[in-house]
Amino acid sequence: MPHHGNEEEHQSEPVNFRNNRKIDPETGKVRGQHQDDDGSQAGPTDQPVTPDSVQDPVEEADAGEQAADGSDALAQAEAILNGIDGEGFTEPAAESASALEAELRTDLQRLSAEYVNYRKRVERDRDVARDMAVIGVLNSLMPVLDDIDAARQHGDLADGPFAAISTKLENALKTYGLTRIDETGVEFDPNIHEALIQQPSADVQFDSVSQILRAGYKKGDRVLRAAQVIVAVPE
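Residues numbered from 1 in each chain as written. Predicted model: local features only at pLDDT ≥ 70, side-chain atom pairs only at ≥ 80, totals over all residues. Heavy atoms only, no water.

Draft legend 1. Layout of the sheet that holds strand S6 (residues 216-219). Taken together, the 3 strands give an open sheet; going across it, the order is S3-S6-S7, and neighbouring strands pair in antiparallel fashion. Two strands close off the open sheet at either side, each with one partner strand: strand S3 (178-181) and strand S7 (222-225). Pairs of neighbouring strands in the sheet enclose a mean axial angle of 35°, with direction left out of account. Strand direction decides the pairing type here: S3 and S6, joined by 4 bridges, are antiparallel. Counted as the bridge partner of Ile-181 is Gly-216 from S6. (Pairing = 2+ DSSP bridges. Helix = DSSP H or I, 4+ residues; strand = E, 2+ residues; numbered from the N terminus. Axes fitted to C-alpha atoms, helices over the stretch in contact; angles between N-to-C directions.)

Okay, structure coming up:
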């Protein structure tokens, strides 16, 4: 077979392969880094490059935003702390706090006074309602008391069970403040006496009650019914 002259040259030339891979498959390190004097490779890292060691750009951006937010929060906290001196708030803040404290104290005093007045008014209304209820019962029993007086004047309650019952009733009503108006020989008082008859008398120097026709009643200072009387007047 004929041989060409350049065939031997081609056979003698060595075949070279260029490995363009950036990571050495044997060592796992990044190629293209210079080595130090001791032969160790210098670079950003001496550790093998793995998928876990490569950080996602999105995660880096999120970490940067979080760091920025944290720095903003710290800046706000420092600004607040800088507004407070060693004795407390700054002068404008102290004046505002003092004004607010005075306003709250005034509101508290006003509410306290309103509550005290309200409590007194409720207690007074409760007492009035209780007194009105008692007065209503006493007024309803006055005809019964008139019948007892009439029976006593006629001698029907001298003794016996009805005499004891009438006495117990009158004593029970006294516990509720019921007082009889049945005195004679006292000066006539139009506030508690109702004059039905006037009789001239030489024995009196002023208008006085000579006889009780129907007893009156009062509860405390309140007159429930005026007494019907005969008045003796000077001649």
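Draft legend 2. Representation of empty space enclosed by the protein within the structure. This structure, assessed with the given rule, holds 1 cavity of 30 Å³ or more. A volume near 70 Å³ is recorded for the largest cavity. What lines the largest cavity is simply Leu-145, Glu-170, Leu-173, Lys-174, Leu-178, Arg-180 and Tyr-217. Listing elements by their share of the lining of the largest cavity, those giving two or more residues are helix H4 (161-174) and S3. Classifying every residue of the lining of the largest cavity gives 4 nonpolar, no polar and 3 charged. (1 Å grid on protein atoms, 1.4 Å probe; cavity = no way out; pocket = protein on both sides within 12 Å on 5 of 7 lines; lining within 4 Å. Points joined across faces, edges and corners; volume = space filled by probe spheres on them. Nonpolar A, V, L, I, M, F, W, Y, C, P; charged D, E, K, R; others polar.)

Draft legend 3. Spotlight on the pattern of salt bridges. Taken as a whole and judged by the stated rule, the model has 10 salt bridges. Here Arg-180 ties to Asp-149 by a salt bridge, and the two come within 2.9 Å at their closest N and O atoms. Of this pair, Arg-180 sits in strand S3 while Asp-149 sits in helix H3 (residues 91-153), placing them 31 residues apart in sequence. Its relative accessible area of 32% is what places Arg-180 among the partly exposed residues. In this structure, the salt-bridge partner of Asp-182 is Arg-180, at a minimum N-O distance of 3.1 Å. Through salt bridges with shared partners, a single network forms among Asp-149, Arg-152, Glu-170, Arg-180 and Asp-182. (Salt bridge = Lys/Arg side-chain N within 4 Å of Asp/Glu carboxyl O. Buried < 20%, exposed > 50% of the residue type's maximum accessible area, 1.4 Å probe, protein only.)

Draft legend 4. Representation of the layout of surface pockets in the model. Estimates place the volume of the largest pocket at around 200 Å³. If you go around the largest pocket, the residues you meet are Asp-146, Asp-149, Ala-150, Arg-152, Gln-153, Arg-180, Asp-182, Ile-212, Leu-213, Arg-214 and Ala-215. When residues of the lining of the largest pocket are traced back to their parent elements, those giving at least two are H3 and strand S5 (208-214). Among the elements that take part in the lining of the largest pocket, H3 stands out by supplying 5 residues, more than any other. For the lining of the largest pocket, the class distribution of residues is 4 nonpolar, 1 polar and 6 charged.

Draft legend 5. Up close: a nonpolar patch on the surface. A cluster of nonpolar side chains, namely Leu-196, Ile-197 and Leu-213, defines an oily patch on the protein surface of about 240 Å² accessible area. Among the structural elements, Ile-197 can be located in strand S4 (residues 193-201). By relative accessible area, Ile-197 is classed as partly exposed at 39%. (Patch = residues over 30% accessible without salt bridge, like charges linked within 9 Å, V, L, I, M, F, W, Y side chains within 5 Å. Areas by Shrake-Rupley, 256 points an atom, 1.4 Å probe, with all protein chains shown as cover.)

Draft legend 6. Representation of the sheet that holds S5 within the structure. One open sheet accounts for 3 strands, arranged S4-S8-S5; its pairing is mixed. The open sheet is flanked by S4 and S5, the only strands paired with a single partner. Ignoring which end each strand starts from, the neighbouring axes of this sheet average 25° apart. Pairing geometry for S5 and strand S8 (residues 227-234), over 5 bridges, is antiparallel.

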